[in-house]
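Chain by chain, the residues run as shown.
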Amino acid sequence: MILVTGGAGFIGGNFVLYWLANPLAEGIVNLDKLTYAGNLQTLQSLEKDDRHIFVQGDIGDYGLVLSLLKKHQIRAVINFAAESHVDRSIHGPGDFIQTNVVGTFNLLEAVRTYWVDLPQTQKQEFRFLHVSTDEVYGTLSPTDPAFSEINRYEPNSPYSASKAASDHLVRAWHHTYGLPVITTNCSNNYGPYHFPEKLIPLVILNALAGKPLPIYGDGQQIRDWLYVKDHCSAIRRVLEAGRLGETYNIGGCNEKPNIEVVQRICGILDTLRPKVSGSYADQITYVTDRPGHDRRYAIDATKLERELGWKPAETFETGIQKTVQWYLENQEWVQGVQTGAYRDWLDQQYQ
Ligand code: NAD
Ligand code: DAU
């Protein structure tokens, strides 16, 4: 079996569904703390699938992690678990240090204890794949080349600093203890089951609810959008053939200014769910910028393509069409998520 952490979140949840869609796939132990971002509704279709074992718990719980590794004879760990929202890290960085730094440290220690005692063949085949972000590289000017794996780490937010710290720990556990690790750094994901505090799902749902579509600053910040299923296929490929101790950048080759992303969503909604009068774009509202807002991210994923033959299948145009359609067709999931902590957070951020 493999151990997936954070498998009730956006990317982890998509990965669990993607992996288990293959009837021959190994089973998954899914360890997730179920913070505000963890949503078991995403995994409802697996309720009767014995290959999925869900455990509510913390990656920072050394004893729990070690017992799961031993009990299920885990052959690979994929670490998605993290506090992931930049704006939340600005309001309250403590949880980010606790989970992303201290949690990753405890997870690495539990994995090392388990791995060291494995029989030789299993020891060689074992993998620890750490999922990280392009934000660790800092920000780009409009003319800079895209981030490659040798870019210097220059994190600018409490979130990216905590992810950078976790990447360094993972690297050190390889160089010092020989733990068989691989790290992936990917760009902005979007697609089904995305928690609606992040730009794309927030805009789709606010548009449909007749609410303002908040654009930070001038809306000219650039992100490189990656359809979440493409991210899942890249992770599977890196897990099966990535070189130990290496890092691989994963990107969508889809650089877009935020305002263009929002206008595109409005255009799709104008066609699929036209308003009685006017366009959804009329709801666009410019709001105060994010402190320390990184201007541009872009990923150079040529190493992954050259070494492992991976390329994204979706363009932004096809991916965003599918995403908007998914939100229109999955109102039950949307309503489930629009409760409790999510509402409190929206009030705090936008009042
Ligand atoms: P998410 O916030 O949607 O999900 C995170 C999941 O981790 C949640 O289910 C949460 O309950 C769980 N979790 C949080 N703390 C935990 C802990 N201490 N122990 C166990 N589980 C815990 O995040 P996401 O967008 O799915 O991101 C997944 C990973 O990918 C993160 O490591 C993030 O840094 C990275 N990443 C995300 C993006 C993106 O665009 N979303 C891009 C690059 C990298
Ligand atoms: O680059 C990878 C990162 O992408 C991941 O590491 C993070 O976990 C993930 O949350 C995401 O971070 P961003 O800050 O880029 O994503 P977010 O959706 O929060 O914002 C995308 C852009 O849109 C960013 O430039 C800020 C802007 N924005 C966001 C919100 C929520 C707005 O203009 N208005 C908004 O209301």
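These numbers come from a predicted model, not from an experiment.

Asks: Would you mind going over the overall build of the protein chain with me for this structure?
Replies: Assigned secondary structure in the protein chain consists of 13 helices and 13 strands. Here the C-alpha atoms of the protein chain give a radius of gyration of 20 Å, agreeing with the 20 Å that 2.2 N^0.38 yields for 351 residues. Overall, the protein chain is about 70 × 50 × 40 Å in size when its C-alpha atoms are taken along their principal axes. Long-range pairs, those at least 24 residues apart, make up 82% of the contacts in the protein chain between residues at least 6 apart in sequence. Split by element, the accessible area of the protein chain, about 15000 Å² in all, is 50% carbon and sulfur. Side-chain charges of the protein chain comprise 32 positive and 40 negative groups, with the mean position of each set lying 3 Å from the other.

Asks: Looking at this model, I keep getting lost on the packing of aromatic side chains. Mind explaining?
Replies: Pairs of aromatic rings are described using the distance from one ring centre to the other and the angle between the two planes. For the coordinates displayed, the defined rule picks out 19 aromatic pairs. Each ring, one from phenylalanine 15 and one from tyrosine 18, has its centre 6.5 Å from the other, and the planes form 40 degrees; the classification is tilted. Of this pair, phenylalanine 15 and tyrosine 18 both sit in helix 1 (residues 10–20), three residues apart, which is roughly one turn of that helix. Considered together, phenylalanine 15 and tyrosine 18 belong to a single accessibility category, that of buried residues. Residues tryptophan 326 and tryptophan 333 carry aromatic rings whose centres are separated by 5.4 Å and whose planes lie at 70 degrees to one another, so their mutual orientation is edge-to-face. Take tryptophan 333: its relative accessible area is 6%, and that puts it in the buried class. By the ring-pair criterion, three or more aromatic residues cluster together here, those being Phe15, Tyr18, Trp19 and Phe80.

Asks: When you look at the site of ligand 2 in this model, what are you seeing that I'm missing?
Replies: Around ligand 2, the surrounding shell holds 23 residues, and the nearest of these are Ser84, Thr133, Asp134, Tyr159 and Arg290. Taking leucine 199, its main chain carries an N or O atom lying 2.8 Å from an oxygen atom of ligand 2. Protein chains bury 94% of the 680 Å² of accessible surface belonging to ligand 2 in isolation. Taken together, the elements giving at least two residues each to the shell around ligand 2 come down to helix 7 (199–208) and strand 8 (213–216). Considering each element in turn, the shell around ligand 2 owes the most residues, three residues, to strand 8. The class makeup of the residues in the shell around ligand 2 is nine nonpolar, eight polar and six charged.

Asks: In this structure, what is going on with the nonpolar core? I would like to understand it.
Replies: Judged by nonpolar contacts, the single largest core of 63 residues is most densely connected at Phe15, Ile78, Ile200 and Ile265. The greatest single-element share of this core, amounting to eight residues, is contributed by helix 1. Residues within four places of phenylalanine 15 in sequence aside, it is in contact with Ile2, Val4, Ile78, Phe80, Cys232, Ile235 and Arg236. In terms of nonpolar packing, the next biggest core, distinct from the first, is built from 27 residues, Ile74, Val101, Phe128 and Leu179 among them.

Cut-offs used in this document
Residues numbered from 1 in each chain as written. Chains lettered and ligands numbered in written order. Predicted model: local features only at pLDDT ≥ 70, side-chain atom pairs only at ≥ 80, totals over all residues. Heavy atoms only, no water. Helix = DSSP H or I, 4+ residues; strand = E, 2+ residues; numbered from the N terminus. Rg over C-alpha atoms; globule rule 2.2 N^0.38 Å. Contact = heavy atoms within 4.5 Å. Areas by Shrake-Rupley, 256 points an atom, 1.4 Å probe, with all protein chains shown as cover. Lys, Arg positive; Asp, Glu negative; His and termini not counted. Charge placed at Lys NZ, Arg CZ, Asp CG, Glu CD. Phe/Tyr/Trp six-rings, centres within 6.5 Å; stacked < 30°, edge-to-face > 60°. Buried < 20%, exposed > 50% of the residue type's maximum accessible area, 1.4 Å probe, protein only. Near = heavy atom within 4 Å. Polar contact = N/O pair within 3.5 Å; in protein donor to acceptor, adjacent residues only side chain to side chain. Nonpolar A, V, L, I, M, F, W, Y, C, P; charged D, E, K, R; others polar. Core = buried A, V, L, I, M, F, W, Y, C linked by side-chain atoms within 4.5 Å.

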